[in-house]
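Coordinate analysis (summary)
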Amino acid sequence: MAGSGKTTFVQRLTAHLYAKQQPPYVINLDPAVHEVPFPANIDIRDTVKYKEVMKQYGLGPNGGIMTSLNLFATRFDQVMSFVEKSSTECKYVVLDTPGQIEVFTWSASGAIISETLASSFPTVIVYVMDTPRSVSPVTFMSNMLYACSILYKYRLPFIVVMNKTDIIDNGFAVEWMRDFEAFQEALESETSYTSNLTRSMSLVLDEFYQHLRAVGVSAVTGEGIGEFLEKVDDAIKEYETEYRPEYERIKKEKIEAEERKQREQLEKLKKDTGKGETVGIQEGVLTEKGMAAQIPEMGPVIGLGGGDDEDEETNQMDDEEDEEERKEYESFKRFLEKQGKKDNEPQMSDFT
């Protein structure tokens, strides 16, 4: 929720873990923040320039943030490699996301980042709520609807952090979550159409509250941080017992589906190449005798483009050509004999 003190809460949480000698691995995913009040191991601003994205694509503030996150998500595999390297040294990995809920929750980049993390590490979603602004039952119900939508969107262990308890105690909110009648009494002073809708929605969310972890925290004083970490450890246990088996099942089904698809393509390929029995080849060096013994008696060998009829025609044509050549030879021989006789006869010039 924008303005709920989310970044200040991350700063207080980081300082608390450093004080306990458990430094976390911190990632800033808000490209529009002016200053980061905590030591960030990875900062999206070092990779994507928010104002340049707005200028280049002609976008507004929210569109620039969403596009920056989408661009950063294309390199998130590199982020995962850094996180995996530091997993032996850091117990907690803290991600600070943009305050606009729709920018991260309902964008492709938000799904990619959360699912990638949840597939490798125990992942907990934390919803930071502005307690003073939730004094109104209608505003409180809006916050709970946001929280419910995020919970069912990501399907991961979920914690609601009611921030700014140094201004007002969060006891009223906890009572409204636990006691349906108390929330209905608070709505009696509201007579608008929104209050009637809120009254109807409270019936729907009554079961949602029963399984919801909520903790009051002051990001300014640090009150409630210890209790929050206890809730996180409890959520990690829930992830290991309920969510990880589900992720493993989904992953296994995906792998099996890919293998089944490959087998189907292979079978289709075999059918396309033709049917026939498999021919076995005996190992070893084959001799001529062995070859004669193994190769069955062959039928007539058929050459390319001809048969017995064609061979007979070819032989007949050869005989005809030989006969013509013999006749030409006899004719040429007779011609030579005639020329010889003429040369032996006396010429007229010999008697003059």
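Reading the values: rules and limits
Residues numbered from 1 in each chain as written. Predicted model: local features only at pLDDT ≥ 70, side-chain atom pairs only at ≥ 80, totals over all residues. Heavy atoms only, no water. Pairing = 2+ DSSP bridges. Helix = DSSP H or I, 4+ residues; strand = E, 2+ residues; numbered from the N terminus. Axes fitted to C-alpha atoms, helices over the stretch in contact; angles between N-to-C directions. Contact = heavy atoms within 4.5 Å. Parallel < 35°, antiparallel > 145°, perpendicular 65-115°, else oblique. Nonpolar A, V, L, I, M, F, W, Y, C, P; charged D, E, K, R; others polar. pLDDT = per-residue confidence, 0-100. 1 Å grid on protein atoms, 1.4 Å probe; cavity = no way out; pocket = protein on both sides within 12 Å on 5 of 7 lines; lining within 4 Å. Points joined across faces, edges and corners; volume = space filled by probe spheres on them.

A few words on the sheet that holds strand β1 (residues 25-28). The parallel open sheet is built from 3 strands, whose spatial order is β2-β1-β3. Two strands lie at the open edges of the sheet, namely β2 (42-43) and β3 (93-96), each paired on one side alone. Two strands pair when backbone bridges link them, and β1 and β3 are joined in this way by 4 bridges, in the parallel orientation. Opposite I27, over in β3, you have L95 as the bridge partner.

This part takes up the sheet that holds strand β4 (residues 125-130). The sheet built from 3 strands is open, its strands ordered β4-β5-β6 with parallel pairing. With partners counted over all chains shown, the strands left at the sheet margins are β4 and β6 (213-216), one partner each. Mean inter-strand twist for the sheet, computed between neighbouring axes without regard to direction, equals 25°. Across the face of the sheet, helix α11 (residues 225-273) comes into contact with β4, β5 (158-163) and β6 while running at roughly 165° to β6.

In the contact formed by helix α2 (residues 50-57) and helix α3 (residues 61-73), the axes pass within 9 Å of each other and the chain directions differ by 110°. In terms of their interaxial angle, α2 and α3 are classed as roughly perpendicular. Taken together, the residues of α3 that come into contact with α2 (itself represented by Y50, V53, M54 and Y57) are P61, G64, I65, T67, S68 and L71. Taken together, the residues of the contact of α2 with α3 break down into 7 nonpolar, 3 polar and no charged.

The pLDDT averaged across the protein chain works out to 80; a share of 78% of its residues lies at or above 70. Element-level mean pLDDT values for the protein chain span from 41 in helix α12 (residues 288-294) up to 95 in β1. With pLDDT under 50 throughout, residues 279-312 is counted as low confidence; its partners more than four residues away or in other chains account for 4 contacts. Contacts for the low-pLDDT stretch residues 346-352, under 50 throughout, to residues beyond four places or in other chains number 2 contacts.

It is worth spelling out the side chain of K6 at this point. Relative to the helices and strands, K6 is located in helix α1 (residues 6-19). Excluding its chain neighbours within four sequence positions, the residues that come into contact with K6 are D96, T97, P98, G99 and V128.

With that settled, the discussion passes to the layout of surface pockets. Of the pockets and cavities examined, the largest pocket occupies roughly 1000 Å³. Around the largest pocket, the lining is made up of 40 residues, and of these V93, L95, V124, I125 and V126 lie nearest the centre. Mapped onto the lining of the largest pocket, the elements with two or more residues apiece are α1, β3, α5 (101-105), α6 (108-118), β4, α7 (137-154) and α11. Sorting elements by how many residues they give to the lining of the largest pocket places α1 first, with 5 residues. Of the residues contributing to the lining of the largest pocket, the split by class is 30 nonpolar, 7 polar and 3 charged. Looking at the second largest pocket, it is lined by 18 residues, and the ones nearest its centre are E115, A118, Y154, Y247 and I250. Per element, the largest residue contribution to the lining of the second largest pocket is 9 residues, and it comes from α11.

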